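A closer look at the structure
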Amino acid sequence: MFSNKNEFKDSFLKRLEMSYGKKFAESTKRDQYQTLGNMVREHISSNWISTNEWNRASNNKQVYYLSIEFLLGRLLGQNLLNLGIREVVLEGFADLGIDLEEIEESEADAGLGNGGLGRLAACFLDSLASLNLPGHGLGIRYKHGLFDQKIVDGYQVELPEQWLRHGNVWEVRKPDQAIEIPFWGKIEHSHEDGKLEFRHVQSENIMAVPYDMPVIGYETSTVNTLRLWNAEPAPHPPHRDVLAYKRETEAVSEFLYPDDTHDEGKILRLKQQYFLVSASLQSIVRSYLKKNDTLHEFHKHVAIHVNDTHPVLAIPELMRILLDEEHMEWEEAWNITFNTISYTNHTTLSEALEKWPLHIFKPLLPRIYMIVEELNERFCKELWNRFPGDWNRIENMAIIAHGVVKMAHLAIVGSHSVNGVAKIHSDILKNREMKLFHQIYPQKFNNKTNGITHRRWLLKANPELTNLITETIGTDWITNPHLMIELKRHIYNPLLKEEFAAVKRKRKEILADIIEKKTGISVDKHSIFDVQVKRLHAYKRQLLNVLHIMYLYNRLKEDSNFTIYPRTFIFGAKASPGYYYAKKIIKLINSLADKVNSDPKVSKMMKVIFMENYRVSLAEHIFPATDVSEQISTASKEASGTGNMKFMMNGALTMGTLDGANIEILEEVGKENIFTFGLKADEVLNYYENGGYRSSEYYHHDLRIRQVVDQLTNGFFPDTEDEFEAIKDSLLYENDQYFVLRDFASYVDAQEQLEKAYKNQDKWLEKALLNIAHSGYFSSDRTIHEYADGIWDIQPIPVIH
Ligand code: KOT
């Protein structure tokens, strides 16, 4: 079907006509997309079946990655690339006058995630399959992914996202494998043969129907599975308003909660979590019991990973299955459970820590609550034996305390591995946030620095740079990304520098065209493209970037001798709909853009662009075109960051604080090849502990700061006098919790250094190439190898021929 372009064309045209009953000339882009998608699915079906068959037949250990989010983006282009058939399709389409890129771009993003956590899960799936590892994703098939963002008058407006509007060619519904999940009701117990038996009665059940999506490895025959659960009414609805029951049931997989690093605490969210967990565990156990008689050795053949605490009910759910359905003793069930489960922590922000009030938890999940209660009692007893009389410690470590279930405590106690996502983050977990747990379980704690799949973020997003690397060092790096380091020998080669500059220029032109099309603003293609794209959050400090731009504006207006190297400041960010401050910052960026871009003099030297609806597919155009990557979070707050790695891999230089994985980027490239500034993590944490920071001092003593802070409310932004008062208040009256003013001067200095460095283009190109050379370490292939060896103990499956 895809072995040469003529064969491809024939079969494409036949299929198109057969499916749509029309001639090619009458077909729409959607018909063409759909036809190609179906052909690809058919093409991989035998490998998908054989991967499943192998997994069923062999005794190989399997890993299941449970995540409330999978931020996949578009799939057609990546699938064609991984299958090695993109060229054939491109050529065949060219003959037919079809632009493949246009067809690819007609696909909706699968945006089932908020940001870093969900995108990490997607990168991990790609690495698992590409490394032939038996690893599968389990998530929720949200009808609406993360909202679409529109900017109206500078404000964010949220619209429901509709990725399933035209169907989803990649999914296969499996109604025969549906699973029933009980909520509410009560637990009855009886004694059978001297053993306690529990029965969940009067429950309201929800059906979880699986939709399987193939996860296609890069140039391998492995096709793993991402199973997304859809919530539907159960065959025997409860005796009440049937329509209301149907509505409430379907609501469970209707929307993704739009909160990044924030816990919403709503009952529907807890329903989603148990829905995902129970469906997944029941289905894993069911398939395990098809080839094994008992679950006594379950943990030797199955690893279950929970992506943050959202799926942590996997612990009591597995206990429930082992106790109530398999009739195991507590001790054995517990041994199997914590040896099966491993947990990743993604943040230390207190507002993200999940705590479920008992008045919500207990009635919704009565049996699960009983198990958590028992777990808590046993754990507290253990603590009591080890630290007799230390009430304070027990209170601080308990799973249930002060009327809430602490999900992170449940996760640590019930798993054999707890990992952070960058060295500094794992250290903060061990030495500060989870210190008490580290004391009793030192062997559980470990670090797995995040990574990104170079197949999407380099091969797919930046084919021009991919070709250049291959021309320089051959092709081995593609399957062994750590070999990108071989590029280091060539960074002084003038020809390579020139060619890299040409690639960057081309990608900047492409982005400039997109910007012009979307915003009507024409940007200088020769300016520095300075980019901050990520969720809007106070700790990520988009505000620091804004204040620096305002400062440059002021200098340009006030001092005719002051000049800057032309720069285009690009922002992209979604704010959680209920996050008042974050939405104000979006308005502020847009007001600043209006002010700067409409100034005849200043706009010759700089532009400010806010790109609407930042998402995976837009990111693929942004990373390759960037010169400067803004990673300016308050030190200690960004657990890792992964955008920093995507920029680096595409030859941008980082402007960053010593936070998250920025520190490891610095360790890789050396301090000449990155720009760092600001407080260090321990300085920030000491301020939090001991006080001593007064933002007003910085406001009063630094005229540059006073001017920009005053401009937030003094009419500098026309017609917005009251608009930004809350931002000013956060800086002055709330004592600037994220140290924006404290780091301002240091940021301005670092930006001056950066500008100086950019002016020396020749050196800059060397630095950019060196960053690329060192980015292989940040491939998620390295990360997944570390998980496979250090946590899951899984082996690659043989490649099927
Ligand atoms: C927390 C609660 C709800 C939704 C998302 C989160 C979340 C997201 N917690 N951490 N993250 C980010 O995870 C990324 C992947 O590990 C990190 O790179 C990033 O620093 C975290 O903020």
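Definitions and limits used
- Residues numbered from 1 in each chain as written.
- Predicted model: local features only at pLDDT ≥ 70, side-chain atom pairs only at ≥ 80, totals over all residues.
- Heavy atoms only, no water.
- Near = heavy atom within 4 Å.
- Polar contact = N/O pair within 3.5 Å; in protein donor to acceptor, adjacent residues only side chain to side chain.
- Areas by Shrake-Rupley, 256 points an atom, 1.4 Å probe, with all protein chains shown as cover.
- Helix = DSSP H or I, 4+ residues; strand = E, 2+ residues; numbered from the N terminus.
- Buried < 20%, exposed > 50% of the residue type's maximum accessible area, 1.4 Å probe, protein only.
- UniProt positions renumbered as here; feature names shortened; annotations may be inferred.
- Contact = heavy atoms within 4.5 Å.
- Pairing = 2+ DSSP bridges.
- Patch = residues over 30% accessible without salt bridge, like charges linked within 9 Å, V, L, I, M, F, W, Y side chains within 5 Å.
- Salt bridge = Lys/Arg side-chain N within 4 Å of Asp/Glu carboxyl O.
- Lys, Arg positive; Asp, Glu negative; His and termini not counted.
- Charge placed at Lys NZ, Arg CZ, Asp CG, Glu CD.
- Arc of directions from axis to C-beta.
- Axes fitted to C-alpha atoms, helices over the stretch in contact; angles between N-to-C directions.

Regarding the site of the ligand
Inspection of the region around the ligand gives 18 residues, with His 346, Asn 450, Glu 638, Ser 640 and Gly 641 positioned closest. Take Asn 450: an N or O atom from its side chain is 2.8 Å from an oxygen atom of the ligand. In this structure, an oxygen atom belonging to the ligand sits 3.1 Å away from a main-chain N or O atom of Ser 640. Coverage of the ligand by the protein amounts to 97% of the 480 Å² it exposes when considered alone.

Some words on unusual backbone geometry
The phi torsion at His 402 lies on the positive side, around 50 degrees, for a residue other than glycine. When you line up the elements, His 402 lands in the loop between strand 16 (400-401) and strand 17 (404-406). For His 402, a relative accessible area of 64% translates into the label exposed. One non-glycine residue, Asp 719, adopts positive backbone phi at about 60 degrees. Among the structural elements, Asp 719 can be located in the loop between helix 30 (703-711) and helix 31 (725-731). The class of Asp 719 is exposed, set by a relative accessible area of 74%.

Quick look at the UniProt feature "modified residue: N6-(pyridoxal phosphate)lysine" (unreviewed entry) in the chain
If you check UniProt for "modified residue: N6-(pyridoxal phosphate)lysine" (unreviewed entry), the listed places come out as Lys 646 in our numbering. Residue position: Lys 646 is located in helix 26 (residues 643-649). Excluding its chain neighbours within four sequence positions, the residues that come into contact with Lys 646 are Arg 119, Ile 452, Trp 457 and Phe 623.

Here's the deal with the environment of Met 605
Position of Met 605 relative to the elements: it lies in helix 24 (residues 602-605). Residue Met 605 is classed as buried on the basis of its relative accessible area, which comes to 18%. With 514 residues separating them along the chain, Met 605 and Glu 91 place their C-alpha atoms 42 Å apart. If sequence neighbours within four positions are ignored, Met 605 has contacts with Leu 556, Thr 563, Ile 564, Tyr 565, Pro 566 and Arg 567.

Observations concerning the pairing of strand 8 (residues 179-183)
Look at any regular strand and the pattern is simple: side chains alternate between the two faces of the sheet. Where burial is concerned, the two faces of strand 8 differ: the one with Ile 179, Ile 181 and Phe 183 is buried and the one with Glu 180 and Pro 182 is not. With five bridges connecting them, strand 8 and strand 11 (residues 204-216) associate as antiparallel partners. Opposite Ile 179, over in strand 11, you have Ala 208 as the bridge partner.

Topic: the sheet that holds strand 15 (residues 355-357)
With antiparallel pairing, three strands are arranged side by side in an open sheet as 15-17-16. Since the sheet does not close on itself, it has two edges, and those belong to strand 15 and strand 16, each with one partner.

With respect to a negative patch on the surface
On the surface, a cluster of negative charge is contributed by Asp 719, Glu 721, Asp 722 and Glu 725. Along the chain, Asp 722 turns up in the loop between helix 30 and helix 31.

Observations concerning helix 28 (residues 681-690)
All of the buried residues in helix 28 are Ala 681, Val 684, Leu 685 and Tyr 687. Buried residues of helix 28, seen end-on, are gathered within an arc of 155 degrees and therefore sit on one face of the element. In this structure, helix 28 carries Glu 689 and Asn 690 as exposed residues pointing more than 90 degrees from its buried face. In the core, the buried residues of helix 28 are packed alongside helix 16 (423-433) and helix 32 (740-759). Positive backbone phi, approximately 70 degrees, marks Gly 691, located one or two places after helix 28.

Topic: the sheet that holds strand 21 (residues 567-572)
If you walk across this open sheet you meet the six strands as 22-21-20-23-24-25, and the pairing is parallel. Strand pairing shows two members of the sheet lacking a second neighbour, strand 22 (606-611) and strand 25 (675-676), which therefore form its edges. Bridging between strand 20 (residues 528-533) and strand 21 involves six bridges; their strand directions are parallel. Counted as the bridge partner of Phe 529 is Thr 568 from strand 21. Packing against the sheet, helix 23 (residues 580-597) makes contact with strand 21 and strand 22, and its axis sits at approximately 145 degrees to strand 22. On top of the sheet, helix 33 (residues 761-774) reaches strand 23 (628-631), strand 24 (653-656) and strand 25; it is set at about 85 degrees to strand 24, its chief contact.

What about the side chain of Thr 642?
Tracing the chain through its elements places Thr 642 in the loop between strand 23 and helix 26. When neighbours within four sequence positions are excluded, Thr 642 is seen to be in contact with Gly 116, Leu 120, Asn 450, Gly 451 and Ile 452.

Description of the side chain of Ser 603
Within the secondary structure, Ser 603 is located in helix 24. Accessibility expressed as a relative area gives 14% for Ser 603, which makes it buried. Here Asp 599 takes part through its backbone oxygen, which lies 2.6 Å from a polar atom of the side chain of Ser 603. In this structure Ser 603 touches Val 596 and Asn 597, once residues within four positions along its chain are discounted.

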